[in-house]
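# Understanding the architecture of this molecule
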Amino acid sequence: MYRVDAADPDGYVAALDGWRRAAVAALRAVVDEAAPGVEQRLKWGHVVGFSNGPVLLIRAEPDCVLFGFWRGKRLLDIEPRMRGGGKFELRTLYLKQDTPFERETALALVKAAVALNAEVGDPTARR
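The structure presented is a predicted model; accordingly, all values stated were derived computationally and were not measured.

Once that is clear, we can look at unusual backbone geometry. At Trp44, a position not held by glycine, the phi torsion is positive, near 60°. When you line up the elements, Trp44 lands in the loop between β1 (39-43) and β2 (46-50). If you check the backbone angles, Asn52 has positive phi at about 60° while not being a glycine. Note on Asn52: relative accessible area 45%, which makes it partly exposed.

Counting buried residues in β2 gives 5 out of 5 residues, a clear majority hidden from the surface. Across 5 bridges, β1 lies against β2 in antiparallel orientation. In the sheet register, Lys43 faces β2, and the bridge partner there is His46. The turn linking β1 back onto β2 is made up of 2 residues, and Trp44 within it adopts a positive phi angle of 60°. Two elements, β2 and strand β3 (residues 54-60), share 4 bridges in a ladder whose sense is antiparallel. Note on β3: the bridge partner recorded for Phe50 is Pro54. Hairpin remark: β2 followed by β3, antiparallel, with 3 residues in the connecting loop; positive phi at Asn52, about 60°.

With that settled, consider helix α3 (residues 103-120). The first and last C-alpha atoms of α3 sit 26 Å apart over 18 residues, in line with the 26 Å expected at 1.5 Å per residue. Turning to α3, its buried residues are Thr105, Ala106, Leu107, Leu109, Val110, Ala112, Ala113, Val114, Leu116 and Asn117. For α3, the elements touching its buried residues are α2 (18-34), β3 and β4 (65-69). At the C-terminal side of α3, Gly121 shows a positive phi close to 105°.

Across the sheet, which stays open at both edges, the 5 strands sit in the order β1-β2-β3-β4-β5 with antiparallel pairing between neighbours. Each edge of the sheet is formed by a strand with only one pairing partner; in this case those strands are β1 and β5 (91-95). Averaged over all pairs of adjacent strands, the angle between their axes in this sheet comes to 20°, without regard to strand direction. Running over the sheet, α3 touches β3 and β4 and is turned about 35° from β4.

Let's shift gears to the side chain of Arg20. With respect to the secondary-structure elements, Arg20 resides in helix α2. Ignoring sequence-local partners within four residues, the contact set of Arg20 consists of Tyr2, Ala60, Glu61, Pro62, Cys64 and Val65.

In an α-helix there are 3.6 residues to a turn, and that puts residues three or four apart on one side. A rise of 1.5 Å per residue sets the reference length of α2, with its 17 residues, at 24 Å; its end C-alpha atoms lie 25 Å apart and thus fit the reference within 8%. All of the buried residues along α2 are Arg20, Val24, Leu27, Arg28, Val30, Val31 and Ala34. Taken down its axis, α2 places every buried residue within 155° of arc, on the same side.

With that out of the way, let us pick up the pattern of salt bridges. The final tally for this structure, using the stated rule, is 9 salt bridges. Of the charged contacts in the structure, one is a salt bridge between Glu79 and Arg81, with a shortest N-O distance of 2.8 Å. When its relative accessible area of 5% is taken as the criterion, Glu79 is described as buried. Since its relative accessible area comes to 39%, Arg81 is described here as partly exposed. Notably, a salt bridge pairs Glu104 with Arg103, separated by 3.2 Å at the nearest N-O pair. The class for Glu104 is exposed, based on a relative accessible area of 55%. Where salt bridges share partners, they join Glu33, Arg103 and Glu104 into one cluster.

Analysis parameters
Residues numbered from 1 in each chain as written. Predicted model: local features only at pLDDT ≥ 70, side-chain atom pairs only at ≥ 80, totals over all residues. Heavy atoms only, no water. Helix = DSSP H or I, 4+ residues; strand = E, 2+ residues; numbered from the N terminus. Buried < 20%, exposed > 50% of the residue type's maximum accessible area, 1.4 Å probe, protein only. Pairing = 2+ DSSP bridges. Expected span 1.5 Å × (residues − 1). Contact = heavy atoms within 4.5 Å. Axes fitted to C-alpha atoms, helices over the stretch in contact; angles between N-to-C directions. Arc of directions from axis to C-beta. Salt bridge = Lys/Arg side-chain N within 4 Å of Asp/Glu carboxyl O.

Given below as structure tokens:
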């Protein structure tokens, strides 16, 4: 896995360059706008948003930026291009420099993901 050397989310953005820096900064701003209560912190080497457990991730890779959701499987009606599987219903959107992605879609994903955690609980909690 590609690692960005940073101590916090602001440092994470600052350590990036070019379109990836702009994309990560824009996604973080969308999270702040859509759900101001989401705590963004550096965890597992990338930005993770928490609200009643982990909700979303923003991770820069050498050729893309990942925008993922712990309960993304339930959000495919908002963004069907998300892919993945496994634990916690995680689904991720792989954004390349030329990937079309609307701000309104990002806002809707964040709002829905936070609402799911509020309704269902921490996706990492033991049942």
